[in-house]
Amino acid sequence: MRSKVTGAQRWVVKIGSALLTADGKGLDRAAMSVWVEQMVALHEAGVELVLVSSGAVAAGMSRLGWTARPSAMHELQAAAAIGQMGLVQAWESSFAEHGRHTAQILLTHDDLSDRKRYLNARSTLRALVELKVIPVINENDTVVTDEIRFGDNDTLAALVANLVEADLLVILTDRDGMFDADPRNNPDAQLIYEARADDPALDAVAGSVGGALGRGGMQTKLRAARLAARSGAHTIIVGGRLERVLDRLKAGERIGTLLSPERGMLAARKQWLAGHLQTRGTLVLDAGAVSALSQGNKSLLPVGVKLVQGSFRRGEMVVCVAPDGREIARGLANYSALEAQKIIGQSSESIVGLLGYMAEPELVHRDNLILV
Ligand SMILES: Nc1ncnc2c1ncn2[C@@H]1O[C@H](COP(=O)(O)OP(=O)(O)O)[C@@H](O)[C@H]1O
Ligand SMILES: N[C@@H](CCC(=O)OP(=O)(O)O)C(=O)O
């Protein structure tokens with residue numbers, strides 16, 4: 001029983017080109033509908049889902065009747081533009097059969113490295129997830145150049161897992177998982193069931209590159225697991241053609257390769273948050289709140305805040321300082337600066353009366369607080 005998998009609330013599911021396109025013969029719609037059925041079941045069980053789907057280039061190639069992947073960038077980009085249409089159509093119509101909507105998100109490297117665009121992408125994705133719509137993400141192939149490509153969607157999926165703070169990244173591929181040698185030329189290779197993502201011994205086994213359609217191979221999947229681990233996510237690399245693969249993962253069955261983060265979810269997430277987000281404002285605490293945070297490991301309630309400085313939105317990072325200006329902690333604010341102004345010094349029970357709604361009783365939850 002894999003409790004980290006069965007208990008995961010937010011999944012990023014990545015489906016590679018090799019799998020989606022039935023070995024180059026266009027999109028494998030039958031396989032897609034089987035995954036969709038399972039994703040809908042996960043959704044019904046309360047799992048929040050984000051889908052990262054490759055296959056634009058491969059689907060475009062098949063629409064154009066091309067059998068070999070072109071090497072010229074503009075041809076690849078043209079194929080991606082053509083194929084992306086079919087790809088999102090296929091996902092949307094398949095999910096629609098179950099009364100679910102999808103939303104297309106095309107991302108580039110710049111979108112995730114630029115702070116503002118990063119936060120925009122994050123809020124949009126969160127809004128979609130809250131609306132119970134399934135975001136279908138791919139790289140924005142038509143506008144990227146070689147230098148700024150993610151190149152493989154394994155890396156993109158891991159960065160998305162960081163972005164949405166997923167607990168689980170599921171990489172569906174054409175092999176049953178990660179083997180201790182490339183199964184293409186080692187028929188005796190054994191499946192690795194569990195490992196730590198940072199285990200250096202894995203570098204040697206994930207050595208070779210991807211197949212004819214996919215780009216990454218195991219190396220990028222391993223790198224993806226390490227990136228995902230930075231925000232505390234577990235990664236599963238598993239065969240997308242295994243019967244009822246997602247259902248069986250959810251049930252805790254030991255299939256595929258589970259790669260675990262070195263630290264617990266919370267510690268990893270906090271460290272990642274600390275290094276990742278710019279601070280947008282300051283909350284000046286009273287003495288009681290200072291000791292609740294620094295000694296009691298408590299959340300920050302509005303009642304313990306004396307002053308709000310700066311301009312921040314819900315979900316942005318703020319600095320918490322003592323009355324003498326000493327920095328105590330940093331954390332993600334549950335309310336914007338304007339809202340915070342209205343509720344500071346007040347009990348959490350009065351938030352609804354003051355704002356007309358209540359997001360959370362805490363101004364900063366302790367899970368999102370990093371003590372300094
Ligand atoms: N140690 C390994 N275990 C499993 N597969 C490996 C390993 N090393 C290399 N591979 C290759 O990686 C391929 C999967 O990567 P890729 O073709 O990029 O697929 P995808 O499109 O799913 O990302 C497999 O078909 C396999 O041949
Ligand atoms: N953005 C590209 C995907 C790149 C790629 O091949 O990724 P993958 O098959 O996941 O290794 C596409 O949609 O064709």
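It should be emphasised that the depicted structure is a prediction, and the values quoted were computed from it without experimental measurement.

A.B. asks: Sorry if this is basic, but what is going on with the packing of helix H3 (residues 29-44) against helix H5 (residues 73-96) here?
C.D. replies: To describe two helices that pack against each other, one gives the angle between their axes and the distance between the axes. One way to put it is that H3 packs onto H5 with a least axis distance of 9 Å and a crossing angle of 50 degrees. Judged by the angle between their axes, H3 and H5 are oblique. Considering how the two elements wind past one another, H3 and H5 form a crossing that is right-handed. Contact residues: H3 offers Arg 29, Met 32, Ser 33, Trp 35, Val 36, Met 39 and Val 40, while H5 offers Gly 86, Leu 87, Ala 90, Trp 91, Ser 93, Ser 94 and Phe 95. Residue classes in the contact of H3 with H5 are distributed as nine nonpolar, four polar and one charged.

A.B. asks: Whenever I open this one, the sheet that holds strand E2 (residues 48-53) confuses me. Can you help?
C.D. replies: Each strand in a sheet pairs with its neighbour through backbone hydrogen bonds, running either in the same direction (parallel) or in the opposite one (antiparallel). In spatial order, the strands read E3-E4-E2-E1-E5-E7-E8-E6; together these eight strands make up an open sheet with mixed pairing. Of all strands in the sheet, those bounded by a partner on one side alone are strand E3 (102-107) and strand E6 (194-196). Taking each pair of neighbouring strands and ignoring which way they run, the sheet shows an average axis angle of 20 degrees. Bridge count for strand E1 (residues 10-15) against strand E5 (residues 168-173) is five bridges, and the pairing is parallel. Residue pairing in the sheet places Ile 15 in a bridge with Leu 172 of E5. Where H3 meets the sheet, it contacts E1, E2, strand E4 (134-139) and E5, and its direction lies at approximately 155 degrees from that of E2.

A.B. asks: Would you mind going over the environment of Glu 92 with me for this structure?
C.D. replies: With respect to the helices, strands and loops of the structure, Glu 92 is situated in helix H5. When the C-alpha positions of Glu 92 and Ser 17 are compared, they lie 18 Å apart, and in sequence the two are 75 residues distant. If near-sequence neighbours (up to four positions away) are discounted, Glu 92 is found in contact with His 101 and Thr 102.

A.B. asks: Explain the pattern of salt bridges here, please?
C.D. replies: Opposite charge on two side chains lets them pair, provided their charged atoms get close. Per the counting criterion, the structure on display carries 19 salt bridges. With a closest N to O distance of 3.7 Å, Arg 244 and Asp 247 form a salt bridge. A residue is classified by how much of its surface remains accessible, and Asp 247, at 27% relative accessible area, is partly exposed. One salt bridge in this structure joins Glu 360 and Arg 314, with 3.1 Å as the shortest N-O distance. Separated by 46 residues along the polypeptide, Glu 360 in the loop between helix H15 (351-355) and strand E13 (369-371) and Arg 314 in the loop between strand E10 (305-310) and strand E11 (317-321) bring together distant segments of the chain. Accessibility expressed as a relative area gives 27% for Glu 360, which makes it partly exposed. Connected via shared salt-bridge partners are Arg 2, Glu 194 and Arg 254.

A.B. asks: Teacher, can you tell me more about H3 here?
C.D. replies: If you check H3, its first and last C-alpha atoms are 22 Å apart, about what 16 residues at 1.5 Å a residue would give, namely 22 Å. Immediately downstream of H3, the backbone of Gly 46 shows phi near 95 degrees, a positive value.

A.B. asks: What should I look at first to understand the packing of aromatic side chains in this one?
C.D. replies: What characterises a pair of aromatic rings is the spacing of the ring centres plus the angle enclosed by the ring planes. What the rule picks out here adds up to two aromatic pairs. Between the aromatic rings of Trp 91 and Phe 95, the centroid separation amounts to 6.3 Å while the plane-to-plane angle is 40 degrees, which identifies the pairing as tilted. Residue Trp 91 and its partner Phe 95 are located together in helix H5, separated by four residues, close to a single helical turn. Both residues of the pair, Trp 91 and Phe 95, belong to the buried class. A centroid spacing of 6.3 Å and a plane angle of 50 degrees characterise the contact between Tyr 335 and Tyr 357, whose relative ring orientation is tilted. Residue Tyr 335 is located in the loop between strand E12 (327-332) and helix H14 (337-343), and its partner Tyr 357 is located in the loop between H15 and E13; the two are separated by 22 residues in the primary sequence.

A.B. asks: Help me understand the sheet that holds E12 in this model?
C.D. replies: A sheet is described by the order of its strands in space; here five strands give the open sequence E10-E9-E11-E12-E13, paired in mixed fashion. Every other strand in the sheet has two partners, leaving E10 and E13 as the edge strands with one partner each. Ignoring strand direction, the axes of neighbouring strands in this sheet form an average angle of 25 degrees. Across five bridges, strand E9 (residues 279-285) lies against E10 in antiparallel orientation. Across the sheet, the residue bridging to Gly 281 is Gly 310, located in E10.

A.B. asks: Help me out: how do you make sense of the nonpolar core in this one?
C.D. replies: Grouped together as the largest cluster of nonpolar side chains are 50 residues, with contacts concentrated most on Val 12, Ile 137, Met 178 and Leu 259. Secondary-structure elements contributing two or more residues to this core are E2, E3, helix H7 (115-130), helix H8 (153-163), E5, helix H9 (201-205), helix H10 (217-230) and helix H12 (265-276). Leu 259 has contacts with Met 178, Ala 195, Ala 197, Leu 202, Leu 222, Ala 225, His 234, Thr 235 and Ile 237, leaving out every residue within four places of it along the chain. Judged by nonpolar contacts, the second largest core, of 41 residues, contains Leu 20, Ala 31, Met 39 and Ile 255.

A.B. asks: For this particular structure, what's the right way to read the pairing of strand E8 (residues 257-260)?
C.D. replies: A regular strand carries its side chains on alternate faces of the sheet. Of the two faces of E8, the one carrying Thr 257 and Leu 259 and the one carrying Leu 258 and Ser 260 are both buried. Two strands pair when backbone bridges link them, and E6 and E8 are joined in this way by three bridges, in the parallel orientation. Within E8, the residue paired with Glu 194 across the bridge is Leu 258. Looking at chain direction, strand E7 (residues 234-239) and E8 are connected through three bridges and run antiparallel. Looking across to E8, one finds that Ile 236 is bridged to Leu 258.

What counts as what
Residues numbered from 1 in each chain as written. Chains lettered and ligands numbered in written order. Predicted model: local features only at pLDDT ≥ 70, side-chain atom pairs only at ≥ 80, totals over all residues. Heavy atoms only, no water. Axes fitted to C-alpha atoms, helices over the stretch in contact; angles between N-to-C directions. Helix = DSSP H or I, 4+ residues; strand = E, 2+ residues; numbered from the N terminus. Parallel < 35°, antiparallel > 145°, perpendicular 65-115°, else oblique. Left-handed = near helix turned anticlockwise from the far one by under 90°. Contact = heavy atoms within 4.5 Å. Nonpolar A, V, L, I, M, F, W, Y, C, P; charged D, E, K, R; others polar. Pairing = 2+ DSSP bridges. Salt bridge = Lys/Arg side-chain N within 4 Å of Asp/Glu carboxyl O. Buried < 20%, exposed > 50% of the residue type's maximum accessible area, 1.4 Å probe, protein only. Expected span 1.5 Å × (residues − 1). Phe/Tyr/Trp six-rings, centres within 6.5 Å; stacked < 30°, edge-to-face > 60°. Core = buried A, V, L, I, M, F, W, Y, C linked by side-chain atoms within 4.5 Å.

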